[in-house]
Amino acid sequence: MSEVLIVPTMAEMLAQGKQPEVLFWVGCAGSFDDRAKKITKAFVRILNRANVPFAVLGTEESCTGDPAKRAGNEFLFQMQAMMNIEVLNAYEAKKIVTACPHCFNTLKNEYPELGGQYEVVHHTEFLKSLLDDGRLTIEGGQFKGKRITFHDPCYLGRANKVYEAPRDLIQKLDSELVEMKRSRANGLCCGAGGAQMFKDAEPGDKEVNVLRTEDALETTPEIIATGCPFCNTMMTDGIKNKEKEGDVKVMDIAELIANAQDL
Amino acid sequence: MNYLDNIIFAVLLVLGFGYFFINIKKISRNINLGKAVDRTDNSNIRWKNMAMIALGQSKMVKRPIAGILHIIVYVGFVIINIELLEIIIDGLFGTHRIFSSLGTLYGVLIGSFEILAFLVLVAVTVFWIRRNVIKLKRFINPDLKGFPKNDANYILYFEMVLMTLFLVMNATDVHFQLSNSGNVISQFIAPIFTGISDNSLHLIERTAWWLHISGILIFLNYLYFSKHLHILLAFPNTYFADLNPLGQLDNLEAVTKEVKLMMDPNADPYATPPEGDVHVKFGASDVQDLNWVQLLNAYTCTECGRCTSVCPANQTGKKLSPRKIMMDTRDRLEEVGKNIDTNKGLFIPDNKSLLNDYITPEELWACTSCNACVEECPISISPLSIIIDMRRYLVMEQSAAPMPLNAMMTNVENNGAPWQYNQQDRLNWKNEI
Ligand code: SF4
Ligand code: SF4
């Protein structure tokens, strides 16, 4: 991986009088969390390979306000939203792609009423469209024949009914997609949403992520695939809890595709 | 001629329906204690949802056994009540089986009622077994202690008795049995009564008839006190449900106004607020702070517990149960309603509220906002929307978020991220290996 990532910012684009095809909204986890940064980079490698003219906001990006809103702080959410909308509108952003279902949901559903109207897609949908348009080819590579189970992120699945794009991509890897007993609309939460990621769980007899990891392990997968940096953390922790790190990997769809092409 | 029967019948009918309407008016007044929310848009989609979800029971069959049995009871209930029309006419005018002049058609009608009545008996018995013998987890969950637990059984007994009365009434009707048309099920019950004089038979038939109609009127009036209100309210409830994607929470308008003012460089921060600008409460601590659809949700909830059985917090032993959120909201709303009744139309503060007295912050903070409960509810109720509104109150009015969440929010405010990183470092990943 000696190859340098090409990551133009919107400001640079504007200086050259250019408008990217799509704005990549990286999100807080994608920007700062060590594990999630790997997902960000994998996605950028694919974008670079497919020659997609994209740009990021870079230091002008700020939290969408999702965790604040779900925690009940509507003020903070709307302040974040209005600030972000001001920046996005100044760059005349039209289409946004993001690898975080929480950013995706907020930008897509909650920003329009506050003045931010964009076409927002999740990175699995975007990758699927690249594939359909013949701009990206996917080969199985190291994942050929591997047992992969997909954990539906609540904010991608139930919240926005995106169930097929990630599955289509997994199947393109010639791997064996195994479904958990609860999947799609019946999927069980990983335990991170609604600002739970940032606090301790209330007293109970189990952690939600452990319960969900048990669902996943029942399918005896080699890989648990997700499409959300928070689900990724939760499932990774769950696997550690079950001492299965040696047998099962937790990977984002973008990583699967990037690794399959040796990107 | 003796008109006593007809008069008693008419009085019974007026009392039965009259009391029912009084209670319905009370419910509608209570629901209107909620805040306004506009659900007049997209009426085509709304009618369609109502037809599919309430009438067509599309979400019930997600759990096939309960779903199919429920459809039998429901169809039986609706269709057998066509009989009610005949009973009312007979009762008021002293006729007997007025529609029997329809001939074969009558036989077909009554025949299908009898089959349905039998199927309902079977279904209701299975329901009873599921609750009391197999003890499915969602039916023995502590949310359902006391009345709610008995309520479900009472209804099952009611159904059993009503259906039995209907069949006995047919079995002991000598004319009807002789005509041998439509007595598909009752012909097998009739032999039980052989050897009894015609007079006694007639007496049994009349008793069953009177008990049947009285039972129906009692059932109608019992609805108000019971989770069985859903057989009526499921219709408006599915019609007025939120049509937005499940992930979308509403943006509080009052907040938008204030935030716009704060961000407007030309606004004068010291300007006195315009007259009549009273502080609007953010979020909900009591039922009057919720919107009317949320209150309608509370009255509609059937306490089936499907929501709770899929809730990740509940499954991992946390106190949160979305069903309990709905039951608490209804119980508190009933309490507020009674307060208004006893105080001649005015609510006198009773030092209680939905928050704390019914729903604790611990329950509210356990929610992951995963929407499993909303997806699962067979009649489009959203426990999540109430949870979020109550969190809003805790955070914006009381600054009572759990400490780590306060830290997260401070970070968002200062650094534009939920963690303590500097916004200037947001693109650093690009150059890291
Ligand atoms: S949204 Fe909250 S209450 Fe509903 S199922 Fe998920 S965690 Fe439970
Ligand atoms: S909210 Fe819906 S799913 Fe939950 S108990 Fe009530 S009716 Fe059943």
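Now for a description of the structure that goes with this document. (Residues numbered from 1 in each chain as written. Chains lettered and ligands numbered in written order. Predicted model: local features only at pLDDT ≥ 70, side-chain atom pairs only at ≥ 80, totals over all residues. Heavy atoms only, no water.)

Comments concerning the overall build of chain A
Quick note on the threshold: Strands are runs of DSSP state E lasting at least 2 residues, helices are runs of H or I lasting at least 4, and numbering of each runs from the N terminus. By definition in these notes, contact holds between two residues if any of their heavy atoms fall within 4.5 Å. Methods summary: accessible areas were calculated by the Shrake-Rupley approach with a probe of 1.4 Å, and residue burial reflects only the protein chains presented. Counting rule applied: Lys, Arg positive; Asp, Glu negative; His and chain ends not counted. Just so you know, the charge point we use is NZ for Lys, CZ for Arg, CG for Asp and CD for Glu.
Scanning chain A from N- to C-terminus turns up 11 helices and 8 strands. Dimensions of chain A, computed from the C-alpha atoms along their principal axes, are close to 50 × 45 × 30 Å. Put simply, 78% of the contacts in chain A that link residues at least 6 apart link residues at least 24 apart. Approximately 9500 Å² of chain A is accessible, and the part contributed by carbon and sulfur atoms is 46%. A distance of 3 Å separates the average location of the 31 positive side-chain charges in chain A from that of its 39 negative side-chain charges.

Regarding the overall build of chain B
In plain terms, the rule: With the radius of gyration taken over C-alpha atoms, the globule rule is written as 2.2 Å times the number of residues to the power 0.38. Throughout this description, buried means an accessible area under 20% of the type-specific maximum (1.4 Å probe, protein chains only), exposed means over 50%, and partly exposed covers the range between.
Assigned secondary structure in chain B consists of 21 helices and 0 strands. Relative to its length of 433 residues, chain B is extended, with a C-alpha radius of gyration of 28 Å against a globular reference of 22 Å. Projected onto its principal axes, the C-alpha positions of chain B cover 95 × 60 × 40 Å. Counting across all 433 residues of chain B, residues that qualify as buried make up 49%. Of the roughly 21200 Å² of accessible surface on chain B, 64% is carried by carbon and sulfur atoms. Side chains of chain B give 37 positive and 40 negative charges; the mean places of these two sets differ by 5 Å.

A short note on the sheet that holds strand β1 (residues 22-25) of chain A
Residue and element names in this part refer to chain A. Applied cut-off: When DSSP locates at least two bridges between a pair of strands, those strands are taken to pair.
Sheet architecture is open: 4 strands sit in the order β2-β1-β3-β4, paired in parallel fashion. Taken across any chain shown, the strands that pair with only one partner, and hence form the sheet edges, are β2 (54-55) and β4 (119-122). Two strands pair when backbone bridges link them, and β1 and strand β3 (residues 95-98) are joined in this way by 3 bridges, in the parallel orientation. When the bridges of β3 are listed, L23 appears paired with I96.

Some words on the packing of helix α5 (residues 74-90) of chain A against helix α12 (residues 253-263) of chain B
What counts, and what does not: Simply put, an axis is a line fit to the C-alpha atoms, just over the touching stretch for a helix, and the angle between two N-to-C directions goes from 0 to 180 degrees. With respect to orientation, any angle under 35 degrees is reported as roughly parallel, any angle over 145 as roughly antiparallel, any angle of 65 to 115 as roughly perpendicular, and every other angle as oblique. Throughout, a crossing is termed right-handed when the near helix is turned clockwise from the far one, and left-handed when it is turned anticlockwise from it by less than a right angle. Here the term charged refers only to Asp, Glu, Lys and Arg, the term nonpolar to Ala, Val, Leu, Ile, Met, Phe, Trp, Tyr, Cys and Pro, and the term polar to all other amino acids, Gly among them.
Two elements in contact, α5(A) and α12(B), have axes separated by 10 Å at closest approach and are oriented at 55 degrees. As judged from the angle between their axes, α5(A) and α12(B) are oblique. Of the two elements, α5(A) crosses α12(B), and the hand of that crossing is right-handed. Contact with α5(A), carried on its side by E74(A), F75(A), Q78(A), M79(A), M82(A), M83(A) and E86(A), involves V255(B), T256(B), E258(B), V259(B), K260(B), M262(B) and M263(B) of α12(B) and no other residues of that element. Residue composition of the contact of α5(A) with α12(B), by class: 8 nonpolar, 2 polar and 4 charged.

Overview of helix α21 (residues 403-415) of chain B
Helical geometry note: an α-helix holds 3.6 residues per turn, so side chains three or four residues apart project in the same direction. Short version of the rule: A helix is expected to span 1.5 Å for every residue after the first. When we speak of the arc, we mean the arc of directions from the helix axis to the C-beta atoms.
Helix length check: α21(B) (13 residues) gives 18 Å between terminal C-alpha atoms against 18 Å at 1.5 Å per residue, within 8%. Those residues of α21(B) that sit buried are L405(B), M408(B), M409(B), N411(B), V412(B) and N415(B). On an axial view of α21(B), the arc spanned by its buried residues comes to 160 degrees, and they lie on one face. Facing away from the buried side of α21(B), by more than 90 degrees, are the exposed residues M403(B), E413(B) and N414(B). In this fold, the buried residues of α21(B) make contact with α4 (66-71) and α5 of chain A together with α18 (361-365) and α20 (383-397) of chain B. At the exit of α21(B) stands G416(B), carrying a positive phi of roughly 70 degrees.

Regarding the sheet that holds strand β7 (residues 223-226) of chain A
All names here are of chain A. Strand order in the open sheet formed by 4 strands is β6-β5-β7-β8, and the pairing between neighbours is parallel. If you trace the sheet from one side to the other, it starts and ends with β6 (176-177) and β8 (249-252), each paired once. The pairing of strand β5 (residues 147-150) with β7 spans 3 bridges and is parallel. In the sheet register, T149 faces β7, and the bridge partner there is I224. On the sheet, helix α11 (residues 253-260) packs against β5, β7 and β8 and is oriented at approximately 90 degrees with respect to β8.

A few points about the packing of aromatic side chains
Aromatic ring pairs are reported here in terms of the distance separating the ring centres and the angle at which the planes meet. The condition is simple: Here is the rule: rings of Phe, Tyr and Trp (six-membered ring for Trp) pair when centre to centre is within 6.5 Å. Planes less than 30 degrees apart are stacked, more than 60 are edge-to-face, and the remainder are tilted. In this scheme, the term charge over a ring applies when either NZ of a lysine or CZ of an arginine sits within 6 Å of the ring centre and within 35 degrees of the ring normal.
Evaluation of the coordinates by the stated rule reveals 19 aromatic pairs over all chains. Centre to centre, the rings of F32(A) and Y421(B) are 4.6 Å apart; their planes meet at 10 degrees, and the pair counts as stacked. In this pair, F32(A) sits in helix α2 (residues 27-32) while Y421(B) sits in the segment after α21, so the two residues belong to two different chains. Here F9(B) and W209(B) contribute two aromatic rings whose centre-to-centre distance is 5.6 Å and whose plane-to-plane angle is 35 degrees, an arrangement assigned as tilted. Here F9(B), found in helix α1 (residues 4-31), pairs with W209(B), found in helix α10 (residues 198-222); they are 200 residues apart in sequence, far enough to count as distant. A residue is classified by how much of its surface remains accessible, and F9(B), at 1% relative accessible area, is buried. Among the aromatic residues, those joined into a ring-pair cluster are W47(B), Y239(B), F240(B) and W292(B). The ring of W209(B) has R206(B) sitting right over it, with the charged end atom 4.9 Å from the ring centre.

Some words on unusual backbone geometry
Note on backbone geometry: most residues besides glycine have negative phi, and most peptide bonds are trans. Of note, the phi angle at E243(A) is positive, near 55 degrees, even though the residue is not glycine. Tracing the chain through its elements places E243(A) in the loop between α10 (229-241) and β8. Although it is not a glycine, K344(B) sits at a positive phi angle of roughly 55 degrees. Residue placement: K344(B) occurs in the loop between α16 (322-342) and α17 (354-357). Judged by relative accessible area, which is 78%, K344(B) ranks as exposed.

Side note on the interface of chain B and chain A
Definition in use: Accessible area that two parts lose when put together, evaluated with a 1.4 Å probe and summed over both, is termed the buried area. What makes a salt bridge here is a side-chain nitrogen of Lys or Arg within 4 Å of a carboxyl oxygen of Asp or Glu, nothing more. We call two N or O atoms a polar contact when they sit within 3.5 Å, provided that within protein one can donate a hydrogen and the other can accept it, with sequence-adjacent residues counted only if both atoms are side-chain atoms.
Taken together, the contact between chain B and chain A spans 61 residues of the former and 70 residues of the latter. Together, the buried faces of chain B and chain A total about 5700 Å²; carbon and sulfur atoms form 63% of this surface. Looking only at chain B, the three residues that lose the most surface to chain A are N251(B), R426(B) and W429(B), adding up to 15% of its buried area. Here chain B and chain A share 3 salt bridges between them. Close ionic contact of E432(B) with K37(A) constitutes a salt bridge, the shortest N to O distance being 3.0 Å. The tally of links between chain B and chain A comes to 34 residue pairs in polar contact (both at pLDDT 80 or more). Residue classes in the side of chain B that touches chain A are distributed as 32 nonpolar, 14 polar and 15 charged.

So, the layout of surface pockets
All names here are of chain B. Formally: The pocket and cavity definitions rest on a 1 Å grid over protein atoms only: a 1.4 Å probe that fits but cannot leave marks a cavity, an open set with protein on both sides within 12 Å along at least five of seven lines marks a pocket, and residues lining either have an atom within 4 Å of a point. Grid points are joined across faces, edges and corners, and a volume is the space filled by probe spheres set on the points.
Here the second largest pocket defines a volume of roughly 950 Å³. Taken together, 46 residues make up the lining of the second largest pocket; nearest its centre are D143, P148, E303, R323 and M327. Of all the secondary structure elements, the ones that give two or more residues to the lining of the second largest pocket are α1, α3 (64-80), α6 (137-140), α7 (147-171), α14 (306-310), α15 (312-315) and α16. Along the lines of polarity and charge, the residues of the lining of the second largest pocket split into 14 nonpolar, 11 polar and 21 charged.

Quick word on α16(B)
All names here are of chain B. The end-to-end C-alpha distance of α16 is 31 Å, a good match for the 30 Å that 21 residues give at a rise of 1.5 Å each. The buried fraction of α16 amounts to 15 of the 21 residues, a majority that puts the element mostly inside the structure. Of the residues flanking the end of α16, it is K344, one or two places downstream, whose phi is positive at about 55 degrees.

So, the site of ligand 2
Residue and element names in this part refer to chain B. The following threshold applies: If even one non-hydrogen atom of a residue comes within 4 Å of a molecule or strand, that residue is called near it.
Taken together, C301, T302, E303, C304, G305, R306, C307, R323, M326, C377, P378 and I381 make up the full set of residues adjacent to ligand 2. Of all the elements in the fold, those that place two or more residues in the shell around ligand 2 are α14 and α16. Counted by class, the shell around ligand 2 contains 7 nonpolar, 2 polar and 3 charged residues.

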